Structure formats: C-alpha cells, structure tokens
Amino acid sequence: MRFSEIVVDFPHCTADLLSGAELLDAAGFHKSAAYSKLSGAVHLAYSGDVDSARALLGAARKRLTNEIRDRAILANNAVAIELLSQSPDLTSCIDELNSVICTVRDDFSRVVLHINRLICLRLIGDVGRARRDIDLVERILSSPKFGNTDIFWNAYFNIWAFFRAIGDVVAEKRVASRFGSLIPDCPAYQSYWDARLGQNIDPPPEFSFLMRFDFHPEYISHWQLDAEGFRLLRTEFVR
C-alpha cells in the first residue's frame, strides 16, 4: 500500500497511502508509516484539504526530523503544501528550500526543489532568480539521470506558466513545444495536463482544486525500505 503511488499516483492511491500509514504504525513500522504520511499529506493538499495535510506532515516530521537524508524531503513537501494554502508564506518557503537545496545530490530531487522555488520566486516577483532556477532545471532535463518522466510535465508546465506570466511569448512557445513529445506514465494525468495547457478538455473532478492555481507544486517520495523494518522483521523471525 505504501508503494501504490508508484503505480497509479494521485488521486487513485491516496486512500492506500493513508490506510497503509495506519497499518504500519499499528505494526510498529513507524518510519515507514512516516514516509507514507509524507506523500499522503501532499495528496490531501492536492485534493484541497490543506489543514489535514499540515497535520499529517507534522506527524511525519516529528518522526523524521533527525534523519539527515530526509530533511530535503520534509522541507520540500512542507513547501508544496504551503503553496496550496490560502495565504502562503512565500518568504518562509524560500528560506526553507534554500536551507536544503544545496544538500541534494540526485537530479530528480534537485528538479523538484528548484521547480518549487521557481514557483515561490515567481509569486514574489523575483524574475531574475526565477530564471536561474529555470536554467538549472532545463540543463538537468536535457540529459536526465533518472527514469521518471512524469516530472517533465510538471517542470515544463511551471516553466511555461512562468514565461506566460511575465509575457515572454517566444520563451513560452519554446517551452510549450516540448509537451508534444512527452508521454505521461500515468494515463490519469493526461486530461489534467491537457486542461492545464488550454486544450479545452475538462479534467477529472479530483483535480478541481489544483486547477484553481496557475502552478503545480511537486512533492518527493521516499520509496526505499528502511532499516527499522528489517530489524523488526528479524526480531520476529528469530523468535
């Protein structure tokens, strides 16, 4: 249940993530449960339940704060939720991303962090720094070292929306041309991205809250099994 988001993603796996977290907590797999909560929290925010998302994120953060490798995930997902709130604290969002953005080494996470910072910088009107984030993201996407192509849709949409917002028509058309060659890994997203790009297609109702925004914050998952689970399993088998 914790890994169902790899197969079907939002909104189809949200119930699995939340139920899986409860089962894992009940079984004593608290770190694995926290990872489910981290993803489930953003899914709740995507559906419009930002208050519940913050509460779930807080529970995950309480368990994972001392895990150094998880600090970037915690910061990023907190920002993704904040951006979908009624009055996001953009300065705090940027500060939180800046505190972890230089600690990340994998390209996928770097793209996500810089895209979310791009959104923040665009919303406060800092066009210069936003363009630097775009340059870095486009360099990574020109030769990616990861296989998840869904992030291309998110990245190019937010870059396209940025150029559209500042009135750079040439750059807007350049980025829009990239979408024709992309194939979504999850078919449920096709109508969503088509609607986002003005194809006059109604997205599924599950996306109605996200469609209120002219940006799309992205979250990061932690999909690896953790040592805590193996230790508990070993204890059970040894007995």
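Think of each chain on its own: its residues are numbered from 1, step by step along the sequence as written. Note on the predicted model: pLDDT of at least 70 is required for a residue's local features to be given, and 80 or more for side-chain atom pairs to be given and counted; whole-chain, interface and lining totals, by contrast, use all residues. Computation of side-chain values: all heavy atoms of the structure, hydrogens and water removed.

**What to know about unusual backbone geometry**
And then number 1: Residue Pro 11 follows Phe 10 across a cis peptide bond; omega there is 0°.
And then number 2: Note that Pro 11 resides in the loop between helix H1 (4-7) and helix H2 (14-27).
And then number 3: Of note, Asp 9 is a non-glycine position whose phi angle comes to about 60°, a positive value.
And then number 4: Per the convention used, a helix needs a DSSP run of H or I reaching at least four residues, while a strand needs a run of E reaching at least two, with both numbered from the N terminus. Relative to the assigned elements, Asp 9 resides in the loop between H1 and H2.

**Topic: the side chain of Arg 196**
And then number 1: Considering the arrangement of structural elements, one finds Arg 196 in helix H11 (residues 190-196).
And then number 2: Buried residues are those whose accessible area, probed at 1.4 Å on protein chains only, stays under 20% of the maximum for their type, while exposed residues exceed 50% and partly exposed ones sit between those limits. For the charge count, each Lys or Arg is scored as positive and each Asp or Glu as negative, with His and the chain ends excluded. Take a side-chain nitrogen of Lys or Arg and a carboxyl oxygen of Asp or Glu: if they are within 4 Å of each other, that pair is a salt bridge. Of the side chains with opposite charge, Asp 214 lies nearest to the buried Arg 196, which makes no salt bridge, at 6.7 Å.
And then number 3: Within the structure, Arg 196 has its side chain in polar contact with the backbone oxygen of Phe 213 (distance 2.3 Å).
And then number 4: From its side chain, Arg 196 meets the backbone oxygen of Phe 215 in a polar contact 3.1 Å long.
And then number 5: Working rule for contacts: check all heavy atoms of both residues, and any pair within 4.5 Å makes them a contact. In this view, Arg 196 contacts Phe 157, Trp 160, Leu 210, Met 211, Phe 213, Asp 214, Phe 215 and His 216; residues no more than four positions away in its chain are not counted. Polar contacts here mean pairs of N or O atoms no more than 3.5 Å apart (in protein, one a potential hydrogen donor and the other a potential acceptor; neighbouring residues in sequence count only if both atoms are side-chain atoms).

**A short note on the packing of aromatic side chains**
And then number 1: Each aromatic pair joins two rings of Phe, Tyr and Trp (for Trp, the six-membered one) with centres within 6.5 Å, and gets the label stacked for planes under 30 degrees apart, edge-to-face for over 60, and tilted for any other angle. Evaluated as defined, the whole model comprises 16 aromatic pairs.
And then number 2: Seen in terms of ring centroids, Phe 157 and Trp 160 are 6.0 Å apart; in terms of plane orientation they differ by 40°. Their pairing is tilted. With Phe 157 and Trp 160 both in helix H9 (residues 150-166), this residue pair falls three residues apart, about one helical turn. As far as the burial class goes, Phe 157 and Trp 160 line up, both buried.

**Thoughts on the pattern of salt bridges**
And then number 1: Going through the model one piece at a time under the given rule, you end up with 11 salt bridges.
And then number 2: The closest approach of N and O atoms between Asp 25 and Lys 37, which form a salt bridge, is 2.7 Å. Of the two residues, Asp 25 is situated in helix H2 and Lys 37 in helix H3 (residues 30-46); the sequence distance between them amounts to 12 residues.
And then number 3: Here Arg 54 and Glu 82 are joined by a salt bridge, their closest N and O atoms 2.9 Å apart. Within this pair, whereas Arg 54 is found in helix H4 (residues 50-64), its partner Glu 82 is found in helix H5 (residues 71-83), the two being separated by 28 residues in sequence.
And then number 4: In this structure Glu 82 comes out as buried when scored by relative accessible area, which is 17%.
And then number 5: In this structure, a network of salt bridges that share partners links the residues Glu 138, Arg 174 and Arg 178.

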